[in-house]
Amino acid sequence: MKGLMRWLKLVGRNKALLLMVLPGFVWFLLFCYLPMPGALIAFKDYQFSRDGFLASMIESDWVGFKNFEYLFKTEDAYLIVRNTLLYNTAFIILGTFFAVLVAIVISEIANKKLAKIYQTGMFLPHFLSWVIVSYFVFSFLSVDKGVLNQFLTWIGLDPEFWYSETKFWPYILIIVNLWKGVGYGSVIYLAAIVGIDKSYFEAAMIDGASKWQQIRNITIPMITPIIVIMFILAVGGIFRADFGLFYQVPRDTGALYPVTNVIDTFVYRGLKVTGNIGMSTAAGLYQAVVGFILVLTTNFIVRKINKEQALF
Amino acid sequence: MEHRTAVDPHPQANKHAAKKLRNIHHLSPFWNAIAHLGIGLFSLACVYPFLFVVVLSFTDETALAKNGYSIIPEKWSVDAYTYLFKTGDQLLRSYGVTLFITVVGTLLTLIIVSLYAYAISRSYFHFRGFFSFVAFFTMLFGGGLVPSYIVVTQVLHLKDTMWALILPMCVSAFSILIMRTFFKTMVPDAIIESGKIDGAGEFRVFLYLVLPISLPGLATIGLFAALGYWNDWFNALLYIDDARLLPLQSLLMKVETNIQFILQNAGLAGAGDRTDMVRTLPAETTRMAMVVLATVPIIFAYPFFQRYFVQGLTIGAVKE
């Protein structure tokens, strides 16, 4: 009783701030926390009921891990996990490499005006939607009108059917992803380079260090902590794929599924196209749980390296 | 540090040396050229596809059909645009939808996020820990797409409403994180205290003291939100079947596979007209013209965005 009184008093004292968090709190409840118990669908044979969500949840039968069993028995399970992991690994490694490279080169360019112009150009793709990007890609890869096939015929080669050959897509997706993300990704590294104490470079210059030695022995070591942190944080999200990239850029082409289907697109198709709600939820839950573990592990490692950079 | 500022016996000679050393600070002419070439080419490659699509949209349809996509068209034409402005009912409507969700969504985001972030940025807020956890836990774990879809469609009944395009993406823990950091660093509790001593309530303080000095932070998350809404097609893919509610990006998606779509919803007077339209429809160039029209607002706004985004990224990267 006394505790309750004390609590009410606290609520009263904080009522203005509580009112402030209220809209956001309601939003989190409705759009983030309400769906969480919905993940139980993964353990049910979900049947839509006319009486709404709660009724459907209660009336549907429990099936234990059946949905997961079905999921992992399909070939899809292997493909989507493999694709998600391999693509994201490539994105992380190449993305980090090029973002750091671009940041270093931009910071070394003496003409600051031109550097700014370059940077503005590189930033552009980040602001465009995947739908727009898919149009760009199509203007290059279109079978009859595309630039690439025009080029191939011009040098005397046969045109390729880009949207039906799986072998090209790993490269195409990686290139498109880098094209869209590198300029934006370099910002943090550039900020870190700009933040390096100038006296290090001055001291190195006085000792007669060349530009390469300065980059190798000052710039790179100084930004390595940031690189490591960003890298590890990215690994935490390795189980989540960019839906837009894998859905829009290949134009949802069925023939390309073996190399373009990732967990996120699989879940979407299970929900909206094939209607396999149970299996789709199972895949989603699997992704969420593994993602959760990965983020926690990641944060733990980051915390060990540098407490400041940890998420929590 | 002290020993470095010793008195220099030859100030003149040192000045000379410093000038010489300055050159070492730059890349050698050869590597400088390589750097410009590499970065310049990449930068061009980032802008080029857009320029290409602009050119395509101004290409004559028959020339395009004959020669394929080409950066220097055989024949220029504005047919695609005149066509779009004649039959663009669906395009106009989609523009309207996108504008509406961008404006309303961004405002909602700004209101909800800044209020929430402000409250959890105050050290004297007793329930700070709990509400921070509520927000940041969502960065770690979510119910997944299917449960979210079911909640939005069956519990909240938002399918085929404008709200399905606005609400699901209106708050994010990430923007709250950015704003909280911003409030924490920019607005010390002492300022709030002084406001309160002058007799202002919490909301008054927030409105008249906190918000004016937080404009850069608000601009950052506002731009993030606006860009998100303008570019969104995913929520429409999930929740919108009604053509009247189709935002611009989704319209582009539909048109990509089916140019007929714009015709079916063009609201033309007679059926006879319609078949005629199909025949004379500048299909390829029209698509490209639509891409251009959907992108132009961003192209013009983004050099201005860029500064704030860079700022926002840097703010978000700083902790506590």
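Conventions used here
For every chain, the first residue of its written sequence is number 1, and the numbers climb from 1 along that sequence. Here every chain gets a letter starting at A, and every ligand a number starting at 1, in the order they are written. The model is predicted, so local features are restricted to residues of pLDDT at least 70 and side-chain atom pairs to those at 80 or more, both for listing and for counting; the totals for chains, interfaces and linings are taken over all residues. Side-chain calculation: all heavy atoms of the structure are included, whereas hydrogens and water are not. Secondary structure elements follow DSSP: runs of H or I of four or more residues count as helices, runs of E of two or more count as strands, with numbering from the N terminus. Here, two residues are considered to be in contact whenever any of their heavy atoms come within 4.5 Å of each other. Where accessible areas are quoted, they stem from the Shrake-Rupley method and a 1.4 Å probe; at the residue level, only the protein chains shown are allowed to cover. Atoms counted for the radius of gyration: C-alpha only. Globule rule: 2.2 Å times residue count to the power 0.38. For every residue, the accessible area obtained with a 1.4 Å probe (protein chains only) is divided by the maximum for its type, and the residue is called buried under 20%, exposed over 50%, and partly exposed between those limits. Only buried Ala, Val, Leu, Ile, Met, Phe, Trp, Tyr and Cys residues count toward a nonpolar core, and they belong to the same one when joined by side-chain atoms within 4.5 Å. Computed with a 1.4 Å rolling probe, the buried area is the accessible surface lost when two parts are put together, summed over both parts. In what follows, salt bridge is the name for a side-chain nitrogen of Lys or Arg lying within 4 Å of a carboxyl oxygen of Asp or Glu. N or O atoms closer than or at 3.5 Å make up a polar contact, with two conditions inside protein: a donor-capable atom paired with an acceptor-capable one, and, for residues adjacent in sequence, both atoms drawn from side chains. Classes in brief: Ala, Val, Leu, Ile, Met, Phe, Trp, Tyr, Cys and Pro nonpolar; Asp, Glu, Lys and Arg charged; the others, Gly included, polar. Only Phe, Tyr and Trp rings take part, Trp by its six-membered ring, and two of them pair if their centres are within 6.5 Å. Stacked means planes under 30 degrees apart, edge-to-face means over 60, and tilted covers everything else. One less than the number of residues in a helix, times 1.5 Å, gives the span that helix is expected to have. Axis lines are fitted to C-alpha atoms, over the contacting stretch for helices. Their N-to-C directions set the angle, which ranges from 0 to 180 degrees. Every angle not falling under 35 degrees, over 145, or within 65 to 115 is termed oblique; those three ranges are roughly parallel, roughly antiparallel and roughly perpendicular. The residues that make up patches have over 30% relative accessible area and no salt bridge, and they are joined within 9 Å when like-charged or within 5 Å when they are Val, Leu, Ile, Met, Phe, Trp or Tyr. A residue's pLDDT is the predictor's confidence in that residue, given on a scale from 0 to 100.

Caption draft 1: Just the overall build of chain B, in detail. What chain B contains, in helices and strands, is 17 helices and zero strands. Sequence-distant contacts in chain B: of pairs separated by 6 or more residues, those separated by 24 or more amount to 73%. With an accessible surface of roughly 15300 Å², chain B has 67% of that area assigned to carbon and sulfur atoms.

Caption draft 2: Broad picture of the overall build of chain A. Each helix and strand counted, chain A has 16 helices and two strands in total. In terms of overall size, chain A is more extended than a compact globule, its C-alpha atoms giving a radius of gyration of 25 Å where 312 residues would be expected to give roughly 20 Å. Its C-alpha atoms put chain A at 75 × 70 × 35 Å along the principal axes. Counting only residues that meet the buried cut, chain A has 52% of its 312 residues in that class. Counted over contacts in chain A with a minimum sequence separation of 6, partners at least 24 positions apart contribute 64%.

Caption draft 3: Summary view of the nonpolar core. In this structure, Phe 28, Trp 169 and Val 249 of chain A together with Tyr 116, Tyr 118 and Ile 176 of chain B are the most contacted members of the largest nonpolar core, which totals 186 residues. Non-local contacts of Tyr 116 of chain B, meaning those with residues more than four positions away in its chain, are made with Met 20, Val 21, Gly 24, Phe 25 and Phe 28 of chain A together with Phe 131, Val 134, Ala 135 and Ile 176 of chain B.

Caption draft 4: Geometry of the interface of chain B and chain A. In this complex, chain B contributes 100 residues to the contact, which on the side of chain A involves 102 residues. Between chain B and chain A, the buried area comes to about 9000 Å², and carbon and sulfur atoms account for 77% of it. Put simply, chain B and chain A have one salt bridge between them. Lys 145 of chain A serves as the salt-bridge partner of Glu 284 of chain B, at 3.3 Å between the closest nitrogen and oxygen. Run the count over chain B and chain A and you get 14 residue pairs in polar contact (both at pLDDT 80 or more). The leading source of residues in the side of chain B that touches chain A is helix H2 (residues 29-57) of chain B, at 17 residues. For the side of chain B that touches chain A, the residue count by class is 73 nonpolar, 19 polar and eight charged.

Caption draft 5: Representation of the environment of Ala 63 of chain B within the structure. Residue and element names in this part refer to chain B. Looking at the secondary structure, you find Ala 63 in helix H3 (residues 61-67). Counting along the chain gives twelve residues from Ala 63 to Lys 75, while the straight-line C-alpha distance between them is 6.3 Å. Not counting residues within four places of it along the chain, the set of residues in contact with Ala 63 comprises Gly 68, Glu 74 and Lys 75.

Caption draft 6: Representation of helix H7 (residues 145-155) of chain B in the model. Most of H7 of chain B sits inside the fold, with eight of its eleven residues counted as buried. Of all the positions in H7 of chain B, only Val 146, Pro 147, Tyr 149, Ile 150, Val 151, Val 152, Thr 153 and Gln 154 of chain B are classed as buried. On its buried face, H7 of chain B sits against helix H2 (15-33), helix H3 (35-38), helix H4 (53-59), helix H15 (263-272) and helix H16 (277-305) of chain A together with helix H13 (234-239) of chain B.

Caption draft 7: Structural context of the pattern of salt bridges. Enumeration according to the criterion identifies ten salt bridges over all chains in this entry. Between Glu 74 of chain B and Lys 66 of chain B there is a salt bridge, with its nearest N and O atoms 3.2 Å apart. Exposure remark for Glu 74 of chain B: the relative accessible area of 54% places this residue in the exposed category. Of the residues examined, Lys 66 of chain B reaches a relative accessible area of 61% and is grouped as exposed. Put simply, Asp 144 and Lys 145 of chain A together with Glu 284 of chain B are held in one network by salt bridges that share partners.

Caption draft 8: Local environment of the packing of aromatic side chains. Taken as a whole and judged by the stated rule, the model has 51 aromatic pairs over all chains. Ring centres 5.0 Å apart and planes at 20 degrees place the aromatic pair Phe 243 of chain A and Tyr 247 of chain A in the stacked group. A residue pair is termed a helical-turn pair when its members lie 3 or 4 positions apart in one helix, as Phe 243 of chain A and Tyr 247 of chain A do in helix H13 (residues 243-248) at four residues. When sorted by exposure, Phe 243 of chain A lands in the same class as Tyr 247 of chain A, which is buried. Consider the rings of Tyr 247 of chain A and Trp 233 of chain B, whose centres lie 6.4 Å apart with planes at 10 degrees: the pair is stacked. Residue Tyr 247 of chain A is found in helix H13, and its partner Trp 233 of chain B is found in the loop between helix H12 (215-231) and H13; the two belong to separate chains.

Caption draft 9: Highlighting H12 of chain B. All names here are of chain B. In this model, H12 (17 residues) spans 24 Å end to end at C-alpha, consistent with the 24 Å of a helix rising 1.5 Å per residue. With twelve of 17 residues buried, H12 is to be regarded as a mostly interior element. Every buried residue belonging to H12 is among Gly 217, Leu 218, Thr 220, Ile 221, Gly 222, Leu 223, Ala 225, Ala 226, Leu 227, Tyr 229, Trp 230 and Asn 231, and all of these are buried.

Caption draft 10: Representation of the packing of H2 of chain A against helix H11 (residues 202-213) of chain B in the model. Remark: H2 of chain A packs on H11 of chain B, axes separated minimally by 8 Å, with the N-to-C direction vectors making an angle of 60 degrees. Judged by the inter-axis angle, H2 of chain A sits oblique to H11 of chain B. Contacts between H2 of chain A and H11 of chain B involve Ala 16, Leu 17, Leu 19 and Met 20 of chain A from the former and Glu 202, Phe 203 and Phe 206 of chain B from the latter. Here the contact of H2 of chain A with H11 of chain B is built from residues that sort into six nonpolar, no polar and one charged.

Caption draft 11: Highlighting a nonpolar patch on the surface. All names here are of chain A. Residues Ile 93, Leu 94, Phe 97, Phe 98, Leu 101 and Phe 231 make up a contiguous nonpolar surface patch of about 510 Å² in total accessible area. Per-element tally for the nonpolar patch: the top contributor is helix H6 (residues 75-108), with five residues. Inspection of the secondary structure puts Phe 231 in helix H12 (residues 211-236). Among the residues examined, Phe 231 registers a relative accessible area of 33% and is labelled partly exposed.

Caption draft 12: Seen up close, the environment of Phe 183 of chain B. Residue and element names in this part refer to chain B. With respect to the helices and strands, the residue Phe 183 is situated in helix H9 (residues 173-186). The spatial distance from the C-alpha of Phe 183 to the C-alpha of Gly 143 is 30 Å, given a sequence separation of 40 residues. When neighbours within four sequence positions are excluded, Phe 183 is seen to be in contact with Ser 114, Ala 117, Tyr 118, Ser 121, Arg 122, Phe 206, Val 210 and Ser 214.

Caption draft 13: A look at the side chain of Asn 88 of chain A. Residue and element names in this part refer to chain A. Tracing the backbone through its elements, the reader meets Asn 88 in helix H6. On the accessibility criterion, Asn 88 (9% relative accessible area) is buried. Among the polar contacts made by the side chain of Asn 88, one reaches the main-chain carbonyl oxygen of Ile 238 at a distance of 2.6 Å. Aside from chain neighbours lying at most four places away, what touches Asn 88 is Asn 83, Gly 237, Ile 238, Phe 239, Arg 240 and Ala 241.

Caption draft 14: Region of interest: the environment of Thr 281 of chain A. As for its position among the elements, Thr 281 of chain A is in helix H16. Of the residues examined, Thr 281 of chain A reaches a relative accessible area of 3% and is grouped as buried. Spatially, the C-alpha atom of Thr 281 of chain A lies 12 Å from that of Lys 66 of chain A, the residues being 215 residues apart in sequence. The contacts of Thr 281 of chain A, once residues within four sequence positions are left out, are Gly 38, Ala 39, Ile 41 and Ala 42 of chain A together with Val 146 and Pro 147 of chain B.

Caption draft 15: Structural view of the side chain of Arg 269 of chain A. All names here are of chain A. Position of Arg 269 relative to the elements: it lies in helix H15. With a relative accessible area of 8%, Arg 269 lands in the buried category. Residues in contact with Arg 269, not counting those within four places in the same chain, are Tyr 247, Asp 252, Tyr 257, Asn 261, Thr 274 and Gly 275.

Caption draft 16: Here's a closer look at the confidence of the model for chain B. Residues and elements named next belong to chain B. The share of residues in chain B with pLDDT of 70 or more is 81%, and the mean pLDDT across the chain is 83. In this model, residues 17-22 is a region of pLDDT below 50 whose contacts with residues beyond four sequence positions or in other chains number two contacts. Predicted complex, confidence summary: ipTM 0.90, pTM 0.88.

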